[in-house]
Amino acid sequence: NFEGDNWQGNNQGIKSLKIYYDGVSDDLTPVVTEAAGDSIEYFMIDEGTNLIAFNSNNSYINLEPGKFNDYLEEDGLLNALEYRKQNNEMGCNGREFYQRCAKTLVQVGEIKDQSFGIVTSMPIDIIPSSNPYQLKNKEQLRVKIYYQGSPLPNALIKIWHRVKHKTGKKELKTDSKGEIVFPVTTTGKWMISTVKMIPSRQATADWQSFWATLVFGF
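Overview of the structure. (Residues numbered from 1 in each chain as written. Predicted model: local features only at pLDDT ≥ 70, side-chain atom pairs only at ≥ 80, totals over all residues. Heavy atoms only, no water.)

**Re the pattern of salt bridges**
Phase 1: Applying the stated rule across the entire model yields 5 salt bridges.
Phase 2: For the salt bridge of Arg-162 with Glu-3, the shortest nitrogen-to-oxygen distance reads 3.9 Å. You can see Arg-162 sitting in strand β9 (residues 156–163) and its partner Glu-3 sitting in the segment before β1 (14–21), a full 159 residues away along the chain.
Phase 3: Among the residues examined, Arg-162 registers a relative accessible area of 16% and is labelled buried.
Phase 4: The exposure class of Glu-3 is exposed, given its relative accessible area of 57%.
Phase 5: A salt bridge links Lys-103 to Asp-125; its shortest N-O distance comes to 2.7 Å. Here Asp-125 lies in strand β6 (residues 124–128) and Lys-103 lies in strand β5 (residues 94–108), a separation of 22 residues in the sequence. For the pair Lys-103 and Asp-125, one class covers both residues: buried. (Salt bridge = Lys/Arg side-chain N within 4 Å of Asp/Glu carboxyl O. Helix = DSSP H or I, 4+ residues; strand = E, 2+ residues; numbered from the N terminus. Buried < 20%, exposed > 50% of the residue type's maximum accessible area, 1.4 Å probe, protein only.)

See the structure below:
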């Protein structure tokens, strides 16, 4: 419900943690320690639009059949669900590796720059076509979804909007160019999320998924 919990991982769970601003980037990956739930303090001194990008290492889950099938349907992963049906696997546990590909835009001061559009090395990249912090109230925002560097068409995208402790959600599908368009009100917090799942190449799991988000707020 776009409420969030503090992460309880440590540096073993981090593939990369970077911040981009004003044409440069800082690699924060080495800063996180082995302590569970470790956090860092980062001072953003210069005005501008800062992009924080976090890619986790693989985590593993093994879900009982009913829960796994329900989760596939809820998140629009119909390719995996259809595969299980065709291969008589609906009664099998769901063994899955998953990664997080999380991006957050933080506006510091009044100067707006192009950091919002930086292409990262993460498997899934959610890239707005314009700086969300330059939008007028209820103006349309166009967003493009990339998977392994190519546009991701026909993907289920969830748009979350949280204002005054209440969350609204809408669902859209990307077009043939991997794009969605939706109006943004300049209040509260916004999150764009999607999931891509493919067959796993590892013997211990049947599936590999990538969970991507882009968050910004006013």
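**Here we look at the packing of helix α1 (residues 65–74) against helix α2 (residues 78–86)**
Phase 1: Relative orientation of the contacting elements α1 and α2 amounts to 140 degrees, with a least axis distance of 8 Å. Compared by their axis directions, α1 and α2 come out oblique. Helix-helix and strand crossings are classified by hand; for α1 and α2 the assignment is left-handed. The residues of α2 that touch α1, namely those facing Pro-65, Phe-68, Asn-69, Leu-72 and Glu-73, are Ala-80, Leu-81 and Arg-84.
Phase 2: Of the residues contributing to the contact of α1 with α2, the split by class is 5 nonpolar, 1 polar and 2 charged. (Axes fitted to C-alpha atoms, helices over the stretch in contact; angles between N-to-C directions. Parallel < 35°, antiparallel > 145°, perpendicular 65-115°, else oblique. Left-handed = near helix turned anticlockwise from the far one by under 90°. Contact = heavy atoms within 4.5 Å. Nonpolar A, V, L, I, M, F, W, Y, C, P; charged D, E, K, R; others polar.)

**Some remarks on unusual backbone geometry**
Phase 1: Despite not being glycine, Phe-2 has its phi angle at roughly 55 degrees, a positive value.
Phase 2: Along the chain, the position of Phe-2 falls in the segment before β1.

**What to know about α2**
Phase 1: All of the buried residues in α2 are Ala-80, Leu-81 and Arg-84. One side of α2 carries all its buried residues, which in axial view fall inside an arc of 100 degrees. Every exposed residue of α2 that faces more than 90 degrees away from the buried side is listed here: Leu-78 and Gln-86.
Phase 2: Positive backbone phi, approximately 55 degrees, marks Asn-88, located one or two places after α2. (Arc of directions from axis to C-beta.)

**A short note on the nonpolar core**
Phase 1: Ranked by size, the top nonpolar core spans 28 residues in total, and within it Val-143, Phe-182, Ile-192 and Phe-216 carry the most contacts.
Phase 2: Those elements that provide at least two residues to this core are β3 (48–56), β5, β6, β7 (139–147), β9, β11 (179–184), β12 (189–199) and β13 (207–217).
Phase 3: Apart from residues no more than four positions distant in its own chain, Ile-192 is found in contact with Ile-126, Val-143, Ile-157, Lys-158, Ile-159, Ile-180, Phe-182, Ala-212, Thr-213, Leu-214 and Phe-216.
Phase 4: If you look at the next biggest cluster of nonpolar residues, it comprises 9 residues, including Phe-68, Leu-72, Leu-77 and Leu-81. (Core = buried A, V, L, I, M, F, W, Y, C linked by side-chain atoms within 4.5 Å.)

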